[in-house]
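A look at the structure
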Amino acid sequence: MTTFNTPQIVASATGSTTSEVSIRSAKVDEASALHDLSIRSKAHWGYDAAFMTLTAPRLVLPEDWLRAERVFVAELSGSLAGVAAILPPDGDGTAELEHLFVDPPAMGRGVGAALLSSCLWLATTEGACKVRALADPQARPFYEGQGFRWVVDAPSDAIPGRMLPLMERML
Ligand SMILES: CC(C)(COP(=O)(O)OP(=O)(O)OC[C@H]1O[C@@H](n2cnc3c(N)ncnc32)[C@H](O)[C@@H]1OP(=O)(O)O)[C@@H](O)C(=O)NCCC(=O)NCCS
């Protein structure tokens, strides 16, 4: 298992204390806990039960991603706080960012940015020149703040007829 010696000290949501975000690769036996976390995270945007029923199966992390250490988790004070995955660059040097989810109690504390940073680091070490993410529309401002730009609206593979912003960042 890969552990990253790049903990970040970030301000908490209250600004009155500090919390340490640490990033490591996910373990295969964390799949169920990470699925539950991802569902809580997605539901945070206020989607209804029908939407969540369609979406939940898409939030299962493929076991081969976990075994290949394509998945990072963030811990805050030793507890799981978020997850993200990055796929190897394709022939054009484009790496896909997948499955970025922060547990609602941990939002706004630098967890998403720390996970993204680890994914971009791995993509860069693997020779990627570009990262793409099919984003939730409500997460678009987060991506824009992290240096991504909107490319096109593309269809969701979970919800028929739903269009999502495809975001891109050069490395
Ligand atoms: C989007 C998400 C990953 C952001 O994670 P987070 O840990 O809350 O974000 P961070 O605390 O790391 O924020 C980093 C910066 O982005 C900003 N930001 C975060 N979410 C934002 C949002 N929804 N709108 C605008 N800015 C946002 C923060 O203010 C912060 O800005 P700063 O660097 O100027 O202080 C998280 O809200 C989430 O998991 N949402 C639900 C699931 C989802 O939509 N995931 C993305 C799927 S594509």
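All values reported here derive from a predicted model rather than from experimental measurement.

So, helix 1 (residues 31–43)
Along its 13 residues, helix 1 runs 18 Å from first to last C-alpha, staying within 8% of the 18 Å computed at 1.5 Å per residue. Every buried residue belonging to helix 1 is among L34, L37, S38 and S41, and all of these are buried. Projected down its long axis, helix 1 carries its buried residues within an arc of 100°, all on one side. The inward-facing, buried residues of helix 1 contact strand 3 (71–76), strand 4 (79–86) and strand 5 (94–102).

As for the confidence of the model for the protein
Mean pLDDT for the protein: 91, with 89% of residues reaching 70 or above. In this model residues 4–18 is a low-confidence stretch, pLDDT under 50, and it forms 24 contacts with partners more than four residues away in sequence or in other chains.

Thoughts on the pairing of strand 6 (residues 130–134)
Sheet topology places strand 5 next to strand 6; three bridges connect them, and they run parallel. Counted as the bridge partner of A95 is V131 from strand 6. Regarding the hand of the β-α-β motif, the stretch spanning strand 5, helix 4 (residues 111–125) and strand 6 is right-handed. Note: strand 6 against strand 8 (residues 163–170), five bridges, orientation antiparallel. From the neighbouring strand, K130 faces strand 8, where its bridge partner is M170.

Observations regarding the pairing of strand 3
Burial analysis of strand 3 places five of its six residues in the buried class, the great majority of the element. In this structure, strand 3 lies alongside strand 4, joined through six bridges in antiparallel fashion. In the strand pairing of strand 4, L76 is matched with S79. Hairpin connection between strand 3 and strand 4: a loop of two residues separates the two successive antiparallel strands, and S77 in this loop has a positive phi of roughly 50°.

Some words on the site of the ligand
As a structural note, the neighbourhood of the ligand is formed by 21 residues, with M107, G112, A113, D136 and P141 the closest of them. If you list the elements that add at least two residues to the shell around the ligand, you get helix 1, strand 5, helix 4 and helix 5 (140–145).

Observations regarding the environment of R40
Examined against the element boundaries, R40 turns out to sit in helix 1. With 14 C-beta atoms packed within 10 Å, R40 lands in the partly exposed category. With 64 residues separating them in the primary sequence, R40 and P104 have C-alpha atoms 7.0 Å apart. The residues contacting R40, other than those within four sequence positions of it, are D103 and P104.

About the cut-offs
Residues numbered from 1 in each chain as written. Predicted model: local features only at pLDDT ≥ 70, side-chain atom pairs only at ≥ 80, totals over all residues. Helix = DSSP H or I, 4+ residues; strand = E, 2+ residues; numbered from the N terminus. Expected span 1.5 Å × (residues − 1). Buried ≥ 20, exposed ≤ 12 C-beta atoms within 10 Å, placed from the backbone. Arc of directions from axis to C-beta. Contact = placed C-beta atoms within 7 Å. pLDDT = per-residue confidence, 0-100. Pairing = 2+ DSSP bridges. Right-handed = clockwise from strand over helix to strand, strands pointing away. Near = placed C-beta within 6 Å.

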